[in-house]
Amino acid sequence: MYALMALGITLTVSVIKLPNFAHAEYITVGAYAALIASQQFPGNPLLIIVIAGTAGALAALIAHLTVFRALEKQRSSTYTLLLASFAVGLILRYSLFILADSTNLFDRRIQVSLQVLLREGSLIITNIFAWVVPTSLILVMLLSLLLNHTPIGRDMRAMANNLDLARIIGVRVERVKNWTWMLVGLLAGSSGALWGIYSSVSPLMGWFAILSVFAAAILGGMSSFTGTILGAYLVAFSENTVMQFLNFQLGVDFSFKPAVPFIIIILILLFRPQGLTGLFDFLRRGELRR
Amino acid sequence: MNIDAGATLTALLTLFGIYGLIALSLNLEYGVAGIPNFGKALFVSIGAYTTGVTYTRLLPLLAGQEAVSPCGMTLSTALQLRTAIMRDLPGIGFVNFAVTIAIAMGVGAVVGCLMSYAALRLRQEWFLALVLLVGSEIVRIFVRGYEPIICASNGVSGIAQPFFFIRDARLNSIMFMLLILIMLLVVYVYVERLVRSPYGRLLRAVRENAEVAQAMGKNVAQIRAGVMAIGSAIAAAAGVLFALNVGFVSTNDYDVALTLDIWVMVVLGGLGNPRGALLGALLITLLDRFTGIAAIQLNRTGIALEFNYFRYILLGVILLLMLRFRPRGLLPERRHATLAYQALESQAAESTGDRG
Amino acid sequence: MSALLQLRNIRKDFGGLRAVDDVSFEVERGKIVGLVGPNGSGKSTLIDVISGTIEPTMGQVIFDGRDITGKPPNTIFEYGLSRGFQEPGLFFQMTALDNTLLPVKNQRGERPTAAPWRRLWHAQEEKNALEAHNALARMEIAAQYDKLASDLSGGQMKLLEMARALMGSPTMMLLDEPTAGVAPKLAHNIFNHINALNKHFGITFLIVEHRLELLFEHVDAVIVMHMGSILAIDTPDAITSNAAVREVYLGD
């Protein structure tokens, strides 16, 4: 699930060139849309995920059209855009607070009827698990198909590589940006829904996760797909397994757990800003690139 | 309607003073020197944690008594001990206050310096913002989990203001307010002078184009470290006052929300203009108090709506509107800030006088 | 021993690409030397190496008897070697006067400890302000002293850059396309200023320039680069008739 969210960040950073902190709220918007949808149409997870994805995409598109596009036009600095993304996040987050408050939807789990599909020793596979994992995988595969084999995906990759060049060779930058934002929102929204099915929904859920998600994206080098997915798994792994190991071996308290992804961010940015990407080249070529 | 106008005003000015100090420091760092300090909460928290440590360790020692562990079993003994000292021995209270400020500023300056050197290794400009943001969260999580500093997540209470010995609650809060406003004035004059001096010109040049500034013989890394040290020391001093004002040191007060508040103040008031920082701090503090009072009034009328949410939404809207329509703030940077112009103008006046 | 700047076997690799290969030359004190070559011949890389922006893979740069290889740009500037940028590297949100005052060395008011106390630096600042005004006047842009650099015209920006470089009292200036994007008439003007600075202050120049006819009118010697190496070093007249150079520029 980190993978889905981190892919969104990677897409935004590479195509739009904006470190978007409001990404957290697109996730939450998706989760809430899913929650409300699940009350209307219980027992239809696919529909719920589609609704969540649409809500996320809409949120991202509206934020782009009303805020980011205008700021990009007046050639604002990265910091301005970063601040604006914080502001968008604030507005969305606390609007959701008001919504949650007035409809009593705090810390609720998306209602999907629970069935145990397989029980073998301590391993229990429920229908929730059966939904969440394949959906994530399918989304990732669809995304990679889209990027590698469609015209819009080609344009996105061109913009990620070199924005000016993309403009010169006739990529309709504004249109591609709209599409990218919708795609990013779709990813965020549906991952929010999956997360809500898996644990619970609250207005702060996205905000709490966003830095871990950034950690995953940064670890992945923020340029490649495989890198990002691998980064996401590594972050999730270190949050759980490494923390358990530290606790067991060195007596590090579990209250330090949220610090793990942050430490990853700092270490990577300071010592290996290209993330894991360089590592693949290393494996391929047998030499380290400078 | 039984809001005590005097007390409200005192509380408002006290908060304004504290936020004003932090806003001045961020204005110097980002507005003038262009360093995006998204870790403001970290430097404020350094001051607060220092206060937690000195009040529980140093204060009893200064009073010639044994320090008692402030956490766990001996919590209430320790609390009584420091409250008694602050009440009965004002001199020691003041010494402790001064030492706390000095230590906080020192630690703040050192951490600020270190952070700026870390920034040298970063490849993209927004990485620094992220590193500072994340660094501030790491420290917060660490302090929350590590008992010896401020009793982990329990925090330390009973952090009395230096005027605690004055029995009249109203008078001592007014004294505290005055102390803060005097500090604000001193720092404002200091920052204003920096901005108008050749040093201010140097910082602006680094902001505009660091590479060219370096080619003009300026040691950019050192300059950034210097301004981060100054800004962080100011923020840490404000953190001490923050803790004293709340009377309690807890990690929950120093998260990203605080950093964002300060950013809104600086962007609203005006980048690169110390007066703008003060104006922004004043407006946001007013907004803060106003929404607070409005929330209480609303709850009285029976509407169960959390007004705090609107406060944050409003902050977001203000920030967006400013970035979009007035990116330089209400009071933009002044152009003729330096002495050089006066020199030229007076000379021009003289030469025309000679001719005429 | 009158060489002010000496390059010894400079090589610079970017990954697998060799941008500058075994370049050695000398620039004599008080001369104006042009550095020309087709795009991608390594001129800009060489300027970056000399000014300390990038470190060479191999070789030595000697300036005024000191080895400056790998020294940071600010130190190299302190030694008296100043550089201009291809894109006007001005501080755009600062006035022309502030731009000009910046490079002045040993400003007391630039120290954060001294800055709040005006009496420690105001005499120096007044003197510098008048000098800066004179430098602007020399470049014929004194009337614009309180305009923001971003409000100046392209040509005025170039002149402001020269005025600013002058305030660092350099012994040598590196200029990277001083007339790029400037109208022909003004380009002449800029080269006249370069000549005047050379005569008045004895400043040595190394100039990268694409307008060859103009450049050749004003320089004492020309270095031609091709594919990262030096093709020829000679007087302008000799370069014009050099067969190898003609081939690079005019031939296939």
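The structure presented is a predicted model; accordingly, all values stated were derived computationally and were not measured.

Calculation criteria
Throughout, residues of each chain are indexed from 1 in the direction in which the sequence is written. Lettering of chains starts at A and numbering of ligands starts at 1, both following the order in which they are written. Predicted model: local features are reported for residues with pLDDT of at least 70 only, side-chain atom pairs are reported and counted for 80 or more only, and whole-chain, interface and lining totals are derived from all residues. No hydrogens and no water enter the side-chain calculation; it runs on all heavy atoms of the structure. Under the scheme used here, helices are H or I runs from DSSP no shorter than 4 residues and strands are E runs no shorter than 2 residues, and both carry numbers assigned from the N terminus. Only protein chains enter the area calculation, which uses a 1.4 Å probe; residues under 20% of their type maximum are buried, those over 50% are exposed, and those in between are partly exposed. We call two residues in contact whenever any of their non-hydrogen atoms come within 4.5 Å of each other. For the accessible areas, the method is Shrake-Rupley and the probe is 1.4 Å, while residue cover comes only from the protein chains on display. The term buried area means the drop in 1.4 Å probe accessible area that two parts suffer when joined, counted for both and summed. Just to be clear on terms, a salt bridge is a Lys or Arg side-chain nitrogen sitting within 4 Å of an Asp or Glu carboxyl oxygen. Pairs of N or O atoms within 3.5 Å make up the polar contacts considered here, provided that, within protein, one atom can donate a hydrogen while the other can accept it, and that residues adjacent in sequence are counted only when both atoms are side-chain atoms. The classification used treats Ala, Val, Leu, Ile, Met, Phe, Trp, Tyr, Cys and Pro as nonpolar, Asp, Glu, Lys and Arg as charged, and all other residues, Gly among them, as polar. Expected helix span is taken as 1.5 Å per residue step, with the number of steps being one fewer than the number of residues. pLDDT: the predictor's confidence for each residue, scored from 0 to 100. Throughout, an axis means a line fitted to C-alpha atoms (over the contacting stretch in the case of helices), and angles, computed between N-to-C directions, take values from 0 to 180 degrees. Each angle receives one of four descriptions, namely roughly parallel if under 35 degrees, roughly antiparallel if over 145, roughly perpendicular if within 65 to 115, and oblique otherwise. Each crossing is labelled by how the near helix is turned from the far one, with a counterclockwise turn of less than a right angle marking it left-handed and a clockwise turn marking it right-handed. Without a salt bridge and with relative accessible area above 30%, a residue can belong to a patch; like charges are then joined within 9 Å and nonpolar side chains (Val, Leu, Ile, Met, Phe, Trp, Tyr) within 5 Å. Residues enter a nonpolar core if they are buried and are Ala, Val, Leu, Ile, Met, Phe, Trp, Tyr or Cys, with the set joined through side-chain atoms within 4.5 Å. Any Phe, Tyr or Trp ring, taking Trp's six-membered ring, that has another such ring centre within 6.5 Å forms a pair; planes under 30 degrees apart are called stacked, those over 60 apart edge-to-face, and the others tilted. Whether a charge sits over a ring depends on NZ of Lys or CZ of Arg being within 6 Å of the ring centre and within 35 degrees of the ring normal.

## Some points on the overall build of chain B
- Looking only at helices and strands, chain B has 14 helices and two strands in total.
- Considering chain B as a whole, with its 356 residues, one finds that 56% of them fall into the buried category.
- Taking the contacts inside chain B whose residues are at least 6 apart along the sequence as the reference set, 79% of them involve residues at least 24 apart.
- If you sum the accessible surface of chain B, you get close to 13,900 Å²; carbon and sulfur atoms cover 64% of it.

## Some words on the interface of chain B and chain A
- Between chain B and chain A, the residue contacts involve 41 residues of the former and 43 residues of the latter.
- Here chain B and chain A share an interface that buries about 3,900 Å² over both sides, 82% of which is from carbon and sulfur atoms.
- Where chain B touches chain A, the interface holds zero salt bridges.
- Where chain B meets chain A, there are zero residue pairs in polar contact (both at pLDDT 80 or more).

## Concerning the interface of chain B and chain C
- The interface of chain B with chain C comprises 36 residues on the first partner and 42 residues on the second.
- Across the chain B-chain C interface, the total number found is three salt bridges.
- Close ionic contact of D98(C) with R201(B) constitutes a salt bridge, the shortest N to O distance being 3.9 Å.
- Going through the elements one at a time, helix 7 (169-196), helix 8 (198-208), helix 9 (210-215) and helix 14 (339-355) of chain B are the ones with two or more residues in the side of chain B that touches chain C.
- Residue composition of the side of chain B that touches chain C, by class: 16 nonpolar, nine polar and 11 charged.

## Points about helix 6 (residues 184-201) of chain C
All names here are of chain C.
- Here helix 6 contains 18 residues, and its C-alpha end-to-end distance of 26 Å stays within 8% of the 26 Å for a straight helix at 1.5 Å per residue.
- A187, I190, F191, H193, I194, N195, L197 and N198 are the residues of helix 6 that are buried.
- Its buried side turned inward, helix 6 meets strand 3 (32-36), helix 4 (118-138), helix 5 (154-167), strand 7 (172-176), strand 8 (204-208) and helix 7 (212-218).
- Phi turns positive one or two residues past the end of helix 6, at G202, with a value near 65°.

## Focus on the confidence of the model for chain B
- Mean pLDDT for chain B: 82, with 86% of residues reaching 70 or above.
- No element of chain B has a lower mean pLDDT than helix 14 of chain B, at 64, and none a higher one than helix 10 (residues 220-246) of chain B, at 92.

## So, the packing of helix 2 (residues 40-62) of chain B against helix 10 of chain B
Residues and elements named next belong to chain B.
- Relative to each other, helix 2 and helix 10 sit at 50°, their axes nearing to 7 Å. The orientation of helix 2 relative to helix 10 falls into the category oblique. Crossing angle aside, the handedness with which helix 2 passes helix 10 is right-handed. Facing K40, F43, V44, I46, G47, A48, T51 and Y55 of helix 2, the residues of helix 10 in contact are M228, G231, S232, A235, A236, G239, V240, A243 and L244.
- Taken together, the residues of the contact of helix 2 with helix 10 sort by class into 11 nonpolar, five polar and one charged.

## Things to note about a nonpolar patch on the surface
- A cluster of nonpolar side chains, L282(B), L283(B), L286(B), L330(B) and L331(B), forms an exposed patch at the surface whose accessible area comes to about 330 Å².
- As for its placement among the helices and strands, L282(B) is situated in helix 12 (residues 274-300).

## Some remarks on the confidence of the model for chain C
All names here are of chain C.
- Here chain C averages 86 in pLDDT, while 98% of its residues score no lower than 70.
- The element-level mean pLDDT for chain C is lowest in helix 9 (residues 243-249), coming to 76, with strand 8 highest at 92.
- The ipTM, which scores confidence in the relative placement of chains, is 0.86 for this predicted complex, and the corresponding pTM is 0.85.

## Remarks on the nonpolar core
- Counting 203 residues, the largest nonpolar core has F21(A), Y26(A), F68(A), F86(A), Y19(B), L28(B) and L130(B) as the members making the most contacts within it.
- Beyond its immediate chain neighbours, meaning those up to four positions away, L28(B) contacts A33(B), V191(B), L194(B), V195(B), L203(B), V227(B) and I230(B).
- Counting residues in each nonpolar core, the second largest holds 49 residues, with A149(C), L160(C), I190(C) and F191(C) among its members.

## What about helix 12 of chain B?
- Along its 27 residues, helix 12 of chain B runs 39 Å from first to last C-alpha, staying within 8% of the 39 Å computed at 1.5 Å per residue.
- A side-chain oxygen of the first residue of helix 12 of chain B lies 3.0 Å from the backbone nitrogen of R275(B); this N-cap is N273(B).

## Points about the packing of aromatic side chains
- Scanning the entire structure with this criterion turns up 11 aromatic pairs over all chains.
- Geometrically, the ring pair formed by Y26(A) and W181(A) is edge-to-face, given 6.4 Å between the ring centres and 85° between the ring planes. Taken together, the residues span a long stretch of sequence, with Y26(A) in helix 2 (residues 23-40) and W181(A) in helix 8 (residues 173-198) at a distance of 155 residues.
- We classify Y26(A) as buried; its relative accessible area is 0%.
- For W181(A), a relative accessible area of 0% gives the class buried.
- Joined through ring pairs, the aromatic side chains of F21(A), Y79(A), F86(A), Y30(B), F38(B) and W263(B) make up one cluster.
- A cation over a ring is seen here: R311(B) above Y312(B), with NZ or CZ 5.1 Å from the ring centre.
- One Lys or Arg, R83(C), reaches over the ring of F85(C) and ends 4.4 Å from the middle of that ring.

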